[in-house]
Amino acid sequence: MRCINLKVFNLDTDGSVKRQELYKYFNINTVELKDIRNNLQFYADKRGIQECVKRINSYDWGSHNLYFLGSGDFHHLTLLTLEKVATPFILIIFDKHTDCSFLYPKYHCGNWMYYAAKLQLCEKVIHIGSTEGRGVLSRLMGISKLVENGRIAILRGEECDEPDYMDKFKRLISESNMESLPVYVSIDKDVLLKSESPCDWDNGVMSMAILGDMLSYITDCFEIAGVDITGEMGGKFYYRYKPVKNIFSFFEHPSAIDKSQLFDIDIKQRAINLEILEIFGVKHVAN
């Protein structure tokens, strides 16, 4: 494994990471964002982005950091962290969803990858684990054009669940001509099986063992420009003066869960997060 020395940040959007008490194992810088959750979740408004950037700017949050973002509802905050990467890079995304609509607004959990692929320093996007199809409506989605132009390469979830998954993964990496460029890794844990990683959204088909193999290959072979992790169980939330967000939450998220269910879910998510931190060589808190 290459020496990475990632600094860890919890962008505490919904309290889901803090509940797991990862600070007992690793040094984690916490940026409090729960009070502006209303402005950030699902899609971010101008005030939310400005305040989020202001708070994170008080830290050294350039390259070589690992960010926890909370629920997948906040995956668009990845776009903020990518905009801080100062050198050309390859973006590798593990996500059950494509997140590649071109629809407004810019910082939206359903379209952030479209804008990430258009960043000047982002040389290519490699998307792993999607189980979404691209039928007739794909003509209206940004991903179709970006795939045709070679800006995005895809390894579908079904292919990741086959015996030769690592051969396919390595071949995709090789065909992407990544050369010596650093890699930014964005992980939405909804790419994993529901039995392993229950979250706010529907789940994919990958196991943590498969994801771990792929992440280990990345850390062994490439310089890491940064990492972020989403896919926690954030739960339902009432959005003040945001009727569209309340509609999204009603249809997209599971029913309210009790404390005992949430406790069991947090245990599973903590185990996954600890394993990912280990793979990226994050140093333990000194005993």
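Everything discussed here concerns the structure shown above.
A brief structural summary. (Residues numbered from 1 in each chain as written. Predicted model: local features only at pLDDT ≥ 70, side-chain atom pairs only at ≥ 80, totals over all residues. Heavy atoms only, no water.)

Observations concerning the overall build of the protein chain
So, step 1. Helix and strand counts for the protein chain stand at 10 helices and 8 strands.
So, step 2. By the burial criterion, 55% of the 287 residues in the protein chain qualify as buried.
So, step 3. For the protein chain, contacts bridging at least 24 residues in sequence account for 75% of all contacts bridging at least 6.
So, step 4. Of the roughly 12,900 Å² of accessible surface on the protein chain, 53% is carried by carbon and sulfur atoms. (Helix = DSSP H or I, 4+ residues; strand = E, 2+ residues; numbered from the N terminus. Buried < 20%, exposed > 50% of the residue type's maximum accessible area, 1.4 Å probe, protein only. Contact = heavy atoms within 4.5 Å. Areas by Shrake-Rupley, 256 points an atom, 1.4 Å probe, with all protein chains shown as cover.)

Looking at the pairing of strand S7 (residues 183-188)
So, step 1. Of all 6 residues in S7, 6 are buried, a share of seventy percent or more.
So, step 2. With burial as the criterion, each face of S7 is covered, one bearing Val-183, Val-185 and Ile-187 and the other bearing Tyr-184, Ser-186 and Asp-188.
So, step 3. Of the pairings in the sheet, the one linking S7 to strand S8 (residues 224-232) comprises 6 bridges and is parallel in character. The partner of Ser-186 across the bridge, within S8, is Asp-228.
So, step 4. Note that the unit made of S7, helix H8 (residues 208-221) and S8 has a crossover that is right-handed. (Pairing = 2+ DSSP bridges. Right-handed = clockwise from strand over helix to strand, strands pointing away.)

A closer look at unusual backbone geometry
So, step 1. We note that Glu-21 has phi near 55°; this positive angle belongs to a residue other than glycine.
So, step 2. By the secondary structure assignment, Glu-21 is in the loop between strand S1 (7-12) and strand S2 (28-32).
So, step 3. Among the residues examined, Glu-21 registers a relative accessible area of 28% and is labelled partly exposed.
So, step 4. Of note, the phi angle at Phe-42 is positive, near 70°, even though the residue is not glycine.
So, step 5. Among the secondary structure elements, Phe-42 is positioned in the loop between helix H1 (37-40) and helix H2 (46-56).

Focus on the packing of aromatic side chains
So, step 1. Tallied over the full model, the rule gives 5 aromatic pairs.
So, step 2. Between Phe-9 and Tyr-67 the ring centres are 5.8 Å apart and the planes differ by 25°, which places this aromatic pair in the stacked class. Here Tyr-67 lies in strand S3 (residues 65-71) and Phe-9 lies in strand S1, a separation of 58 residues in the sequence.
So, step 3. A ring pair is formed by Phe-169 and Tyr-217, whose centres lie 6.0 Å apart and whose planes are at 75°; its orientation type is edge-to-face. Taken together, the positions of Phe-169 in helix H7 (residues 165-175) and Tyr-217 in helix H8 put the pair 48 residues apart, joining distant regions of the chain. (Phe/Tyr/Trp six-rings, centres within 6.5 Å; stacked < 30°, edge-to-face > 60°.)

Thoughts on the nonpolar core
So, step 1. Counting residues in hydrophobic clusters, the biggest one holds 46 residues, and the most contacted among them are Ile-92, Phe-94, Ile-128, Ile-187, Met-206, Met-214 and Phe-280.
So, step 2. Ranked by residue count, the leading element in this core is H8, at 6 residues.
So, step 3. The residues touching Ile-187, leaving out its near neighbours within four places in the chain, are Phe-94, Leu-211, Leu-215, Val-227, Asp-228, Ile-229, Thr-230, Ile-276 and Phe-280.
So, step 4. In this structure, Cys-52, Cys-100, Tyr-107 and Tyr-114 belong to the second largest nonpolar core, which totals 36 residues. (Core = buried A, V, L, I, M, F, W, Y, C linked by side-chain atoms within 4.5 Å.)

Notes on the sheet that holds S1
Sheets are built from strands that pair by backbone hydrogen bonding, the pairs being arranged parallel or antiparallel.
So, step 1. Spatial ordering of the open sheet is given by S2-S1-S3-S8-S7-S4-S5-S6, a layout of 8 strands whose pairing is parallel. In this open sheet, the two strands that pair with only one neighbour each are S2 and strand S6 (152-155). Neighbour to neighbour, the strand axes of the sheet diverge by 15° on average, direction disregarded.
So, step 2. Of the pairings in the sheet, the one linking S1 to S2 comprises 5 bridges and is parallel in character. Bridge pairing in S2 places Val-8 opposite Ile-28.
So, step 3. Across the sheet, helix H10 (residues 259-279) is in contact with S1, S3, S7 and S8; its angle to S8 comes to roughly 175°. (Axes fitted to C-alpha atoms, helices over the stretch in contact; angles between N-to-C directions.)

Remarks on the environment of Cys-221
So, step 1. Within the secondary structure, Cys-221 is located in helix H8.
So, step 2. With 39 residues separating them along the chain, Cys-221 and Pro-182 place their C-alpha atoms 9.9 Å apart.

So, the pattern of salt bridges
So, step 1. Under the defined criterion, the tally for this structure stands at 14 salt bridges.
So, step 2. Close ionic contact of Lys-168 with Asp-164 constitutes a salt bridge, the shortest N to O distance being 3.6 Å.
So, step 3. Residues Glu-232 and Lys-189 are paired through a salt bridge, measuring 2.8 Å at the closest nitrogen-oxygen approach. Highlighted residues: Glu-232 in strand S8 and Lys-189 in the loop between S7 and H8, separated in sequence by 43 residues. (Salt bridge = Lys/Arg side-chain N within 4 Å of Asp/Glu carboxyl O.)

Some remarks on H2
Turn by turn, an α-helix covers 3.6 residues, leaving residues three or four places apart pointing in a common direction.
So, step 1. Here H2 has its buried residues at Gly-48, Ile-49, Cys-52, Arg-55 and Ile-56. Viewed end-on, H2 has its buried residues packed into an arc of 135°, placing them on one side of the element. Of the residues in H2, the exposed ones pointing more than 90 degrees away from the buried face are Lys-46 and Lys-54. (Arc of directions from axis to C-beta.)

As for H8
So, step 1. Between the first and last C-alpha of H8 there are 20 Å, a value that for 14 residues agrees with the 20 Å anticipated at 1.5 Å per step.
So, step 2. Listed as buried for H8 are Met-208, Ile-210, Leu-211, Gly-212, Met-214, Leu-215, Ile-218 and Thr-219. (Expected span 1.5 Å × (residues − 1).)

The values reported here are purely geometric and, on their own, carry no functional implication.
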